Amino acid sequence: MPSLYWQELADFWFCDHQPDLHAESSEHNLCTHKHTPSSGKNLLEQFSGRGSICAVEDVCFAGKLTLLVHTSNVDSHKVVEDQAIYPSKVRGANEFAHPLRCATCFHLLGLHFRTPENSELHLLSHCLSTSPCVVHPSRNLLRQFSVETHAAFLLKATSSAHGCYRYRIVDDTLAHAYLQITVLNADVAVQSNMLVPPCDSTTLVPAVKVLYLVCTDKLTVVGYEETLCLPSEECVEVVHTLQRSTKALPDEERIFKQNQTTLIVGYLRLLLEKD
């Protein structure tokens, strides 16, 4: 599937060349594509009016964050649906869904979105990858997905689409804030040997560079912030990942003080699997 917010198609939808401006000159008539997604019945045209891909029975759409499947293709005896409401951005907007969990271990597997047109399941790749019941380690095709890559991709996609670089990471109950993050660069490369499969040598992998503040009690609000919601255990894992990412650096290269606030440089990797 296209990435979150369909960023790779932005030039097609918002380009400067309009086909009717130079109708008499084919040389300058550079834009011949449609500027909005169209509706259709075949798989290549499965777009709704809001520009998202709809679930299709017996088809699995693979995306950067999720696997989109139709509810009829999931064994209802092996999953349970929470009645809780989960705020999520996996469809590129502030929307609410019901968490879908494994009936055996109650591990989060994905989100169930209900719309007037359709009922669809977004199975979270990083949750499937770490589920003790769903995927056997020796056959884990999703092993490159983790909480770290999930959070990194959300930050990169959202900052690119919205032009917002300040975030709060809060739990899915919206009761506790864990992090305040400022995205410094969403397109950097870092050396890492913590890859899948493990390797002895370091390899350059894409990452998001941030300044972060761990929230202990009251959140310090600086400017406009966007909220990203994750389960509380995932929020804790993101905190630990950021703390580990630069612990080897000297303090003068990782710690910044601003208005009595101590901010720390951290990295979240977008890729964990070695090419």
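Residues numbered from 1 in each chain as written. Predicted model: local features only at pLDDT ≥ 70, side-chain atom pairs only at ≥ 80, totals over all residues. Heavy atoms only, no water.

## Examining the pattern of salt bridges
In step 1: For the structure shown, the criterion picks out three salt bridges.
In step 2: The shortest N-O distance in the salt bridge between Arg101 and Asp82 comes to 2.9 Å. Placement of Arg101 in strand S5 (residues 95-102) and of Asp82 in the loop between strand S3 (79-81) and strand S4 (86-88) is noted, with a sequence separation of 19 residues between them. Asp82 matches Arg101 in its accessibility class, with the two residues each being buried.
In step 3: The residue Glu148 makes a salt bridge to Arg269 at a minimum N-O spacing of 2.8 Å. Of this pair, Glu148 sits in helix H3 (residues 147-162) while Arg269 sits in strand S13 (residues 261-269), placing them 121 residues apart in sequence. Grouping residues by exposure puts Glu148 and Arg269 together as buried. (Salt bridge = Lys/Arg side-chain N within 4 Å of Asp/Glu carboxyl O. Helix = DSSP H or I, 4+ residues; strand = E, 2+ residues; numbered from the N terminus. Buried < 20%, exposed > 50% of the residue type's maximum accessible area, 1.4 Å probe, protein only.)

## Section: the packing of H3 against helix H4 (residues 232-245)
In step 1: It is at 9 Å that the axes of H3 and H4 come closest, and there the two elements cross at 85°. The orientation of H3 relative to H4 falls into the category roughly perpendicular. Contact with H3, carried on its side by Val147, Glu148 and Ala151, involves Glu234, Glu237, Val238 and Thr241 of H4 and no other residues of that element.
In step 2: In the contact of H3 with H4, the residues fall into three nonpolar, one polar and three charged. (Axes fitted to C-alpha atoms, helices over the stretch in contact; angles between N-to-C directions. Parallel < 35°, antiparallel > 145°, perpendicular 65-115°, else oblique. Contact = heavy atoms within 4.5 Å. Nonpolar A, V, L, I, M, F, W, Y, C, P; charged D, E, K, R; others polar.)

## Let's talk about the state of the cysteines
In step 1: A complete count under the given rule lists zero disulfides for this structure.
In step 2: Looking at Cys229, it has no disulfide partner, and the nearest cysteine sulfur is the one in Cys235, 8.1 Å off. (Disulfide = S-S within 2.5 Å.)

## A word on the packing of aromatic side chains
Each aromatic ring pair is described using two quantities: the centre-to-centre distance and the angle formed by the ring planes.
In step 1: The final tally for this structure, using the stated rule, is zero aromatic pairs.
In step 2: Its guanidinium or amino end placed over the ring of Phe106, Arg101 lies 5.0 Å from that ring's centre, counting from NZ or CZ. (Phe/Tyr/Trp six-rings, centres within 6.5 Å; stacked < 30°, edge-to-face > 60°. Lys NZ or Arg CZ within 6 Å of the ring centre and 35° of its normal.)

## Points about the nonpolar core
In step 1: Among the nonpolar cores identified, the biggest contains 27 residues, and Leu155, Leu179, Ile181, Val238 and Leu242 are the most heavily contacted of them.
In step 2: Residue assignment for this core shows that the elements contributing at least two residues are H3, strand S8 (166-171), strand S9 (177-192), strand S10 (203-214), strand S11 (226-230), H4 and S13.
In step 3: For this core, the leading source of residues is H3, giving seven residues.
In step 4: Grouped together as the second largest cluster of nonpolar side chains are eleven residues, Leu109, Leu121, Leu128 and Phe145 included. (Core = buried A, V, L, I, M, F, W, Y, C linked by side-chain atoms within 4.5 Å.)

## Considerations on the pairing of S9
Every regular strand shows the same layout, with side chains that alternate between the two sheet faces.
In step 1: Pairing analysis gives five bridges linking S8 to S9, with the strands arranged antiparallel. Counterpart to Arg168 in the pairing with S9 is Gln180.
In step 2: Across eleven bridges, the pairing between S9 and S10 is antiparallel. Each bridged residue has a counterpart across the sheet, and for Ala189 the counterpart in S10 is Pro206. (Pairing = 2+ DSSP bridges.)

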